[in-house]
Amino acid sequence: MLKSKTFVKKTRSGGIMKIVREHYLRDDIWCGSEVCTECKQEETVLQKDTYIESNLCSFPHYLLPDTNIVLSQIDILEDPLIKNVIILQTVLQEVRHRSAPIYKRLKDILHDKEKHFYTFTNEHHRETYIEREQGESANDRNDRAIRISTKWLKVVLLTNDRGNKEKAEEFGLLTYRCKKQHTSVTSVPQDETAVLNEITSSKVLFPEHLPLSRIQSGIKSGTFQQGTFRASRDNYLEATVFVHGEGDDSTEVLIQGLQNLNRAVHQDLVAVEILPLNQWVAPSSVVLQDEGPKEDDVTEEEEEAELKSGPSGAASRKPTGRVVGIIKRNWRPFCGMLFLSQIKEATRHLFTPADRRIPRIRIETRQAATLAGQRIMVAVDGWPKHSRYPNGHFVRSLGSAGDKETETEVLLLEHDVPHQDFSQAVLSFLPKMPWNITEEDMAVREDLRNLTVCSVDPPGCTDIDDALHCRDLPNGNQEVGVHIADVSHFIRPGNAMDLEAANRGTTVYLTGRRIDMVPELLSSNLCSLRSSVERLAFSCIWEINDKAEIVKTRFTKSVINSKASLTYAEAQMRIDDANMNDDTTKSLRGLNRLAKILKKRRIEKGALTLSSPEVRFHIDSETHDPIDLQTKELKETNSMVEEFMLLANISVAQKIYDEFSECALLRKHPAPPPSNYDILNKAAKSKDMVIHTDSAKALADSLDAAQVDGFPYFNTLLRILATRCMMQAVYFCSGMDSDFHHYGLASPIYTHFTSPIRRYSDIIVHRLLAVAIGADSTYPDLMDKHKQSALCNNLNYRHKMAQYAQRASVAYHTQLFFKSRGILNEEGFILFVRKNAIIVLIPKFGLEGTVFFENKDKPSPKLIFNEEVPSLTVEGHSFNMFDKVKVTISLDASNVQHQKIRMSLVEPVISGVSVAPSEPEPEVKRAKLDR
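Only a predicted model underlies this, so the values are computations on that prediction, with no experimental measurement involved. Here, residues in each chain are numbered from 1, in the same order as that chain's written sequence. For a predicted model such as this one, the threshold for reporting local features is a pLDDT of at least 70, and the threshold for listing and counting side-chain atom pairs is 80 or more; totals across whole chains, interfaces and linings nevertheless cover every residue. Hydrogens and waters are ignored; side-chain quantities use all the structure's heavy atoms.

Okay, the overall build of the chain next. Strands are runs of DSSP state E lasting at least two residues, helices are runs of H or I lasting at least four, and both sets are numbered from the N terminus onward. Counting its regular elements, the chain contains 25 helices and 38 strands. When a residue's accessible area, from a 1.4 Å probe over protein chains only, is under 20% of the maximum for its type it is buried; when over 50% it is exposed; and in between it is partly exposed. Burial statistics for the chain: of 931 residues in total, 52% are counted as buried. Looking at the chain alone, contacts between residues at least 24 apart form 67% of all its contacts between residues at least 6 apart. Counting only carbon and sulfur atoms, one obtains 49% of the accessible surface of the chain, whose full area is about 42900 Å². What makes two residues a contact is simply this: any of their non-hydrogen atoms within 4.5 Å. Residue exposure ignores everything except the shown protein chains as possible cover, and the areas themselves are Shrake-Rupley values with a 1.4 Å probe.

Structure follows, in structure tokens:
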């Protein structure tokens, strides 16, 4: 049968061309099914015995998907369980024009003989071909063609188009939506159906994000607030949004529940709506981790039944809100591991990030078997409102999970630590070797090589930033000098080395590895103030009287020759050994005597002396594995060096601010808001004590007075808690802020000057000081307060991430240590009490871990939680903060992605209690003087 269309067309030359299009229709195109007895077909594709059965249809049937089903649900069609499907020629042509990648995947399915997919050429069959009617759109014509073919073939039509479905049912066709039909399939195992349901779900799980225009108008009117979304490590159903305000008006908005979190990811900039006061809640006191993949049809009520928000008292409730839109995504490639689908030959899998604050990500890959057991990187593409998890794609493999090099690479990538080798452009600005101090250098510097200068540092330190000297003056006073490596002499503004150092911001110290801010030739050689070599320095020199009062201060570029590079222990032994009276030892004793007076005076002014467990690993020289773990012991010499570094930083801060009031780079430590002290006050109250937090001085005095007879470690525990209450110290530009105060040091002004080898902030401060004393010239960016402020933001970020990376490295090496040590029993103290767990500190190892009192596999014991004390009663036994307990410590390596330190209770013995694995607290703040 021949159909033809004739029309005329005007050519470019003005002539008329007659065009005839012929369309042949046939009656010998077969349906392709073994079941059919009418078609005279020699070969068939659709099988007789394996066509799909489901609860929706009481009879066996074949499926015919429309174009939109193919475009949106190609993953389902690719699944090995889905066989014997008819693809119309109309559908195939539409897919080809609308999506080349999906068309290629569909062709691959059609060529796979095991899938038994059949292409029916309906556009050339006499019974199924239709012409487009007048006024009918091409899309409507194709939908009608699909319905005509479905009726002739007598199969089930799959469509998610409501209009098409209604017309098909009016036409007498059996029609289902993809989700409904798929979940009814009886031949699919239950566990596989659960995974596939995540793919086919079209249920809206999350509210629609508002458009940016509405968000902007809402923020302007005060209806919405904007802030940074911070997911909780301990509870995946909870987060906070830090809303920046004017001055001290910054607030944290609590977000609880999946729908209120509304697809925000950690560090996104979001818009939130504050809920009415009667809907405010308290932060959850339960430790709740997302332990496994969940289906898209899990209801919010089912999931959030686990949430257990805190007490309902008005005093405990916090401003609570919901995310209404995303202002700016902060997505990056995430490290983690693949959670393989339970479906054989499936291409869609769930990726579990290493960072528990990041949700699982659904990716599509055909190399899942190869990637199993590998650490990989995945990028997020989007997060549809009907999906429990965001969608993403595989980026690259990092190596085998558990391999030390791979785990270190993951650690550095996750904390955004620049660790690539220095480029040739950077290295080209290094001085040519051999390098020597020139006569030109000596002409503009003070020669201090005759002074008895020495450095005091941790063992193995090669990047020696600072050295000191102390000598008697004829008038009875003493001269004390702090000499700092003159890094700014080697790194000039604006060159490639300067830009790289500014980007890195800081040197990162991992266990057994150091990621330098500047090339090693500078950090460990030319800038390092090693003994018995001449080095360039920037010196801060005071004349100090016998009461440690500063008589005079001066700053100078200098040349020094250190007489000794000592460790803290070596310096302490010199001071304590009465038989040693050489010039270096005398200098150390003078420094130590003055440091004690300075520290006493500083504490009297309100400076805080806090505490936090820090550990040191002893590393095997061959395997580089930890063979011993112990808390660091601080000596008088640690404090001696700290005091003079603090004094130098304060002196320099005042000098550069006096000279450059608008562009001085300073460092401040904000006072914590009163709510930060809640846990500290509760802990003190449990021991019938009162901690005053009106000022740093009041807090310091209260901590000094907090003593419990027979419990000497109580004061240390209290100071550890006080450390957790503190705010983060930050860099800022003096012209962009009015609050300069450093709360922890009780100093009105402060900066960083003493570590330019490992901190870029100190290089900028050196440049400012050099200009102030006429030792160097300025440049535009140095005097631009806006550029200084932007630089400070990067430095604050790099400094914070370096701290987190260091703690993660300690946690990883702690796991390696316990892996080799097996099971240990140790005494510890309860640091925090939760609704379902206690967090225990092991002083011997500086280690924290969680002992859970709930186990999903066994009946839970009776738990009574008291938020006010706080305490947790388990089967009649009460656990309070600072109680002594005995625990078993071991490594649980059952989950390669998240290996855990397992802590289980030994004493006191609680009958019926079953404990679960725990992992160390990830964000232990280290209490160091901010030198």
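Aromatic rings from Phe, Tyr and Trp, taking only the six-membered ring of Trp, are treated as a pair when their centres fall within 6.5 Å; an angle between ring planes under 30 degrees marks them as stacked, one over 60 as edge-to-face, and anything in between as tilted. For the coordinates displayed, the defined rule picks out 15 aromatic pairs. Both rings, one in Phe 711 and one in Phe 714, keep their centres 5.9 Å apart while their planes meet at 55 degrees; by these two values the pair is tilted. A relative accessible area of 14% places Phe 711 in the buried class. Ring pairing ties together the aromatic residues Phe 711, Tyr 713, Phe 714, Phe 829 and Phe 882, which thus form one cluster. Only lysine NZ and arginine CZ atoms are considered, and such an atom sits over a ring when it is within 6 Å of the ring centre and within 35 degrees of the ring normal. For Lys 151, the ring lying beneath its charged end belongs to Phe 171, and the centroid distance is 4.4 Å. Arg 504 extends its terminal NZ or CZ atom over the ring of Phe 422, reaching a point 4.0 Å from the ring centre.

Attention now goes to the packing of helix H19 (residues 583–604) against helix H20 (residues 636–659). Comment: axis = line fitted to C-alpha atoms, over the contacting stretch for helices; angle = value between 0 and 180 degrees taken between N-to-C directions. Contact geometry for H19 and H20: axes closest at 8 Å, N-to-C directions at 70 degrees. By the angle between their directions, the pair H19 and H20 is classed as roughly perpendicular. The two elements H19 and H20 meet at a crossing, and its hand is left-handed. Residue-level inspection shows Leu 588, Leu 591, Asn 592, Leu 594, Ala 595, Lys 596, Leu 598, Lys 599 and Arg 602 of H19 in contact with H20, the latter providing Glu 636, Ser 639, Met 640, Glu 643, Phe 644, Leu 646 and Leu 647. In these notes the angle categories are as follows: under 35 degrees is roughly parallel, over 145 is roughly antiparallel, 65 to 115 is roughly perpendicular, and the rest is oblique. Left-handed describes a crossing whose near helix is turned anticlockwise from the far helix by less than a right angle; the clockwise case is right-handed.

Before going further, it helps to spend a moment on the confidence of the model for the chain. Counting all residues, the mean pLDDT for the chain is 86, and 86% of those residues have values of 70 or more. Note on scores: pLDDT gives the predictor's confidence for each residue, bounded by 0 and 100. Segment residues 186–202 is flagged for pLDDT under 50; beyond a separation of four residues in sequence, or across chains, it makes 44 contacts in the model. Low confidence marks residues 297–302, where pLDDT is under 50. Its contacts with residues over four positions away, or in another chain, come to 7 contacts.

Take the nonpolar core next. To define a nonpolar core, start from buried Ala, Val, Leu, Ile, Met, Phe, Trp, Tyr and Cys residues and group those joined through side-chain atoms within 4.5 Å. Membership of the largest hydrophobic core comes to 85 residues, with the highest contact counts inside it found for Leu 522, Trp 542, Phe 644, Phe 753 and Tyr 760. Formed by 51 residues, the second largest nonpolar core is a distinct cluster that contains Phe 714, Ala 722, Tyr 743 and Val 833.

All right, on to the pairing of strand E24 (residues 534–544) then. The element E24 is extensively covered by neighbouring structure, given that 10 of its 11 residues are classed as buried. In the sheet, strand E21 (residues 478–485) pairs with E24 via 8 bridges, with the strands oriented antiparallel. For Glu 479, the partnering residue across the bridge sits in E24 and is Glu 543. By this definition, two strands are paired if DSSP reports at least two bridges between them. One ladder, built from 11 bridges, connects E24 with strand E25 (residues 550–561); its direction is antiparallel. Of the residues in E25, the one forming a bridge with Cys 540 is Phe 555. Where E24 folds back on E25, the antiparallel hairpin that results is connected by 5 residues, among which Ala 548 adopts a positive phi of roughly 65 degrees.

Here we come to the sheet that holds strand E9 (residues 238–243). The strand order around the closed barrel built from 5 strands is E8-E9-E10-E12-E11, with neighbouring strands paired in mixed fashion. Averaged over all adjacent pairs, the angle separating strand axes in this sheet is 50 degrees, with direction ignored. Pairing analysis gives 2 bridges linking strand E10 (residues 251–256) to strand E12 (residues 320–328), with the strands arranged parallel. What sits directly across from Leu 254, in E12, is Thr 320.

To continue, consider the environment of Met 337. Looking at the secondary structure, you find Met 337 in strand E13 (residues 334–339). A relative accessible area of 11% places Met 337 in the buried class. Placed 39 residues apart in sequence, Met 337 and Ile 376 show a C-alpha to C-alpha distance of 5.9 Å. Beyond its immediate stretch of four places on either side in the chain, Met 337 contacts Leu 350, Phe 351, Thr 352, Gly 373, Gln 374, Arg 375, Ala 401, Val 896 and Gln 897.

With that settled, the discussion passes to the side chain of Thr 347. Tracing the chain through its elements places Thr 347 in the loop between E13 and strand E14 (348–353). Take Thr 347: its relative accessible area is 12%, and that puts it in the buried class. In this view, Thr 347 contacts Asp 75, Glu 78, Ile 363, Glu 364, Thr 365 and Arg 366; residues no more than four positions away in its chain are not counted.

For the rest of this paragraph, the subject is the pattern of salt bridges. Any two side chains of opposite charge can pair, on the condition that their charged atoms come close. Every case where a carboxyl oxygen of Asp or Glu lies within 4 Å of a side-chain nitrogen of Lys or Arg is listed as a salt bridge. Applying the stated criterion to the full structure yields 48 salt bridges. Across the salt bridge formed by Lys 844 and Glu 826, the nearest N and O atoms sit 3.5 Å from each other. Placement of Lys 844 in the loop between strand E32 (837–842) and strand E33 (847–852) and of Glu 826 in strand E31 (residues 824–833) is noted, with a sequence separation of 18 residues between them. When its relative accessible area of 14% is taken as the criterion, Glu 826 is described as buried.

As a further point, take the packing of helix H13 (residues 404–414) against helix H25 (residues 785–821). Between H13 and H25, whose axes approach to 9 Å, the crossing angle comes to 155 degrees. Looking at the two axes, H13 sits roughly antiparallel to H25. At the point where H13 passes H25, the crossing takes the right-handed sense. Here Lys 404, Glu 407, Leu 411 and Glu 414 of H13 lie close against H25, whose contacting residues are Met 801, Ala 805, Ala 808, Ser 809, Tyr 812 and Leu 816. In the contact of H13 with H25, the residues fall into 6 nonpolar, 1 polar and 3 charged. Polar here means any residue other than Ala, Val, Leu, Ile, Met, Phe, Trp, Tyr, Cys and Pro, which are nonpolar, and Asp, Glu, Lys and Arg, which are charged; Gly is therefore polar.

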